[in-house]
Amino acid sequence: MKELRTLFWRNGALYLIDQKALPHRLRYIKCRTYLDVAKAIKDMTVRGAPAIGVAAAYGLALAAKSSLKNNDAMLKRVKIAADVLRKTRPTAVNLYWGINRILKVAEEAYMKNDNIAKAVLEEAEKMAKEDVEINKKIGQNGAKLLPDKCVVMTYCNAGALATVGYGTALGVIRAAVEMGKNITVIVPETRPKLQGARLTAYELETAGINYRIITDNMASFILSKGIIDCIIVGADRILARTGHVTNKIGTLSLAISANYFKVPFYVAAPISTIDFEKTPEEIVIEERNEEEVLCFAGKRITLRNARAINFAFDITPPELVTRIITEEGVFLPSELINLKAKYQFY
Ligand code: MRU
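So, here's what we can say about the structure. (Residues numbered from 1 in each chain as written. Predicted model: local features only at pLDDT ≥ 70, side-chain atom pairs only at ≥ 80, totals over all residues. Heavy atoms only, no water.)

Examining the packing of helix α2 (residues 49-66) against helix α5 (residues 116-143)
Line of reasoning, step 1. Orientation of α2 relative to α5, taken along the N-to-C sense of each, is 165°, at an axis distance of 8 Å. Looking at the two axes, α2 sits roughly antiparallel to α5. Seen along the crossing, α2 lies across α5 with a hand that is left-handed. Between α2, through Pro 50, Gly 53, Val 54, Ala 57, Tyr 58, Leu 60, Ala 61, Ala 64 and Lys 65, and α5, the contact on the second element is made entirely by Ile 116, Ala 117, Val 120, Leu 121, Ala 124, Glu 125, Met 127, Ala 128 and Asp 131. (Axes fitted to C-alpha atoms, helices over the stretch in contact; angles between N-to-C directions. Helix = DSSP H or I, 4+ residues; strand = E, 2+ residues; numbered from the N terminus. Parallel < 35°, antiparallel > 145°, perpendicular 65-115°, else oblique. Left-handed = near helix turned anticlockwise from the far one by under 90°. Contact = heavy atoms within 4.5 Å.)

Here is the structure:
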């Protein structure tokens, strides 16, 4: 199966697939500074929780590299860059996880008098490598849940493009296909940014996996027909204390419909998406520019004075989630807290 690589480091720069140009053009943009990376995260050139976590880590590598040749200046610059990158998108916990992991390495290097720029870049490279390995494990764990022949609905894009490679929810589908299972994927378009129609469809097409795109408002009716074996989505933040799942706006509606029509609702995500501390009330849901709702394909579709609400994510309660698929195995939402002792790094 053809492998997509969302981002990579070469000759002192970070290259990102420009996801705004997909599906019509596959091109990479070059980030030379942490500010380039911050802009790319904000305008969704790079998007998807794990991908923005790793992109931010490389952003800090660019910050360290660009500064003066001594460790004091490097640490200072890395901290300033971390503050900027933290403010790009508020909901995905992976962003903070990536930044905190790099800060810890930078501080350790400072204490040991090791070169910070070198240590930070090595850690970012390690995170990128781990991301793909973890997604493959998620894929193996999740694929076992799928019947040999089935129709799976996903949502948004939780594929290679939302990670460094392979994907989480789409990783499960990929792994099932690699095991020889016969899978058809139903892809809701995912208004307003159309990650389903543009990105997930692109990935499935590239991988040669059967799919059909639907409008978002078709999902409940299709579920009511009894033709969907399960739904698999990704996540931006899963609360270990309560089991709530934050993901792309519209996930909650799908989960409610799936529950009503008794269709299993799976969430596939790495442990780095688990937030071991926060409660649902503390989650910041990103609100994006109204223009994203008021315009379609760059053209205004409503009155000039019309206003819109544009929440980018929603929160699904644990009782609507059948299982959470991670690299550590498959869990009930209530079981995630047991991972805290092993995984609460930052
Ligand atoms: O706004 P986006 O496109 O960054 O939102 C992406 C999602 O909601 C994904 O489902 C989530 O980040 C998981 S990606 C593996």
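So much for the structure itself; the text now carries on.
Some thoughts on the sheet that holds strand β15 (residues 323-326)
Line of reasoning, step 1. With respect to topology, seven strands assemble into an open sheet ordered β6-β5-β4-β7-β10-β15-β16, the strand pairing being mixed. A single partner strand is all that each edge strand has here, and the edge strands are β6 (210-214) and β16 (329-331). Going across the sheet, the axis of each strand differs from the next one's by a mean of 25°, ignoring polarity.
Line of reasoning, step 2. Of the strand pairs in this sheet, strand β7 (residues 230-233) and strand β10 (residues 265-268) are connected by three bridges, and their pairing is parallel. (Pairing = 2+ DSSP bridges.)

Some remarks on the pattern of salt bridges
Line of reasoning, step 1. For the structure shown, the criterion picks out 20 salt bridges.
Line of reasoning, step 2. In this structure, Arg 101 and Glu 130 form a salt bridge, with 3.0 Å as the shortest nitrogen-oxygen distance. Linking Arg 101 in helix α4 (residues 93-112) with Glu 130 in helix α5, this pair joins segments that are 29 residues apart in sequence.
Line of reasoning, step 3. The exposure class assigned to Arg 101 is buried, which follows from its relative accessible area of 7%.
Line of reasoning, step 4. Ionic contacts of the salt-bridge type, sharing partners, join the residues Arg 89, Lys 193, Glu 286, Arg 288 and Glu 292 into one network. (Salt bridge = Lys/Arg side-chain N within 4 Å of Asp/Glu carboxyl O. Buried < 20%, exposed > 50% of the residue type's maximum accessible area, 1.4 Å probe, protein only.)

Details of the environment of Ile 285
Line of reasoning, step 1. Relative to the assigned elements, Ile 285 resides in the loop between β11 (274-275) and α10 (291-294).
Line of reasoning, step 2. For the pair formed by Ile 285 and Met 179, sequence separation is 106 residues and the distance between their alpha carbons is 37 Å.
Line of reasoning, step 3. Dropping the residues within four chain positions of it, Ile 285 is found in contact with Thr 91, Thr 246, Phe 311, Phe 313 and Ile 315.

A few points about the packing of aromatic side chains
Line of reasoning, step 1. Going through the model one piece at a time under the given rule, you end up with four aromatic pairs.
Line of reasoning, step 2. Consider the rings of Phe 8 and Tyr 15, whose centres lie 5.2 Å apart with planes at 10°: the pair is stacked.
Line of reasoning, step 3. Phe 8 gets classed as buried once you look at its relative accessible area, which sits at 18%.
Line of reasoning, step 4. Aromatic side chains Trp 9 and Tyr 58 sit 5.7 Å apart centroid to centroid with 15° between the ring planes, which places their arrangement in the stacked category. Of this pair, Trp 9 sits in strand β1 (residues 7-10) while Tyr 58 sits in helix α2; the two residues are 49 residues apart in sequence, bridging distant segments of the chain. (Phe/Tyr/Trp six-rings, centres within 6.5 Å; stacked < 30°, edge-to-face > 60°.)

Topic: the nonpolar core
The nonpolar side chains of a soluble globular protein tend to be buried with one another.
Line of reasoning, step 1. Membership of the largest hydrophobic core comes to 48 residues, with the highest contact counts inside it found for Leu 14, Ile 41, Leu 60 and Ile 116.
Line of reasoning, step 2. Elements with a contribution of two residues or more to this core: β1, β2 (13-17), α1 (34-42), α2, α3 (71-86), α4 and α5.
Line of reasoning, step 3. No other element matches α2, which puts 13 residues into this core.
Line of reasoning, step 4. The contact partners of Ile 41, leaving out residues within four places of it in the chain, are Val 46, Ile 52, Ala 55, Ala 56, Leu 85, Thr 88, Arg 89 and Leu 95.
Line of reasoning, step 5. Ala 219, Ile 222, Ile 274 and Val 321 belong to the second largest nonpolar core, which has 32 residues in total. (Core = buried A, V, L, I, M, F, W, Y, C linked by side-chain atoms within 4.5 Å.)

Here we look at the site of the ligand
Line of reasoning, step 1. Every one of the 18 residues lining the ligand counts as a neighbour, but Arg 47, Arg 89, Gln 195, Asn 247 and Lys 248 are closest to it.
Line of reasoning, step 2. Between the ligand and the protein, one listed contact pairs an oxygen atom with a side-chain N or O atom of Arg 47 at 2.9 Å.
Line of reasoning, step 3. In isolation the ligand offers 410 Å² of accessible surface; the protein chains occlude 99% of this area.
Line of reasoning, step 4. At the level of elements, α2 and β9 (245-248) are the ones that each hand at least two residues to the shell around the ligand.
Line of reasoning, step 5. Of the residues contributing to the shell around the ligand, the split by class is eight nonpolar, six polar and four charged.
Line of reasoning, step 6. Looking at which domains feed residues into the shell around the ligand, each of domain 1 (7-135) and domain 2 (139-339) supplies at least three. (Near = heavy atom within 4 Å. Polar contact = N/O pair within 3.5 Å; in protein donor to acceptor, adjacent residues only side chain to side chain. Areas by Shrake-Rupley, 256 points an atom, 1.4 Å probe, with all protein chains shown as cover. Nonpolar A, V, L, I, M, F, W, Y, C, P; charged D, E, K, R; others polar. Domains from an automatic or database assignment.)

Observations regarding unusual backbone geometry
Line of reasoning, step 1. Cis geometry is adopted by the peptide bond preceding Pro 23, which originates at Leu 22 and carries an omega value of 10°.
Line of reasoning, step 2. As for its position among the elements, Pro 23 is in the loop between β2 and β3 (28-31).
Line of reasoning, step 3. Residue Arg 191 is joined to Pro 192 through a cis peptide bond whose omega torsion reads 0°.
Line of reasoning, step 4. Within the fold, Pro 192 resides in the loop between β5 (182-188) and α7 (195-207).
Line of reasoning, step 5. Although it is not a glycine, Asn 113 adopts a positive phi angle of roughly 65°.
Line of reasoning, step 6. Summarising the element assignment, Asn 113 is placed in the loop between α4 and α5.

Distances and angles like these do not, on their own, reveal function.
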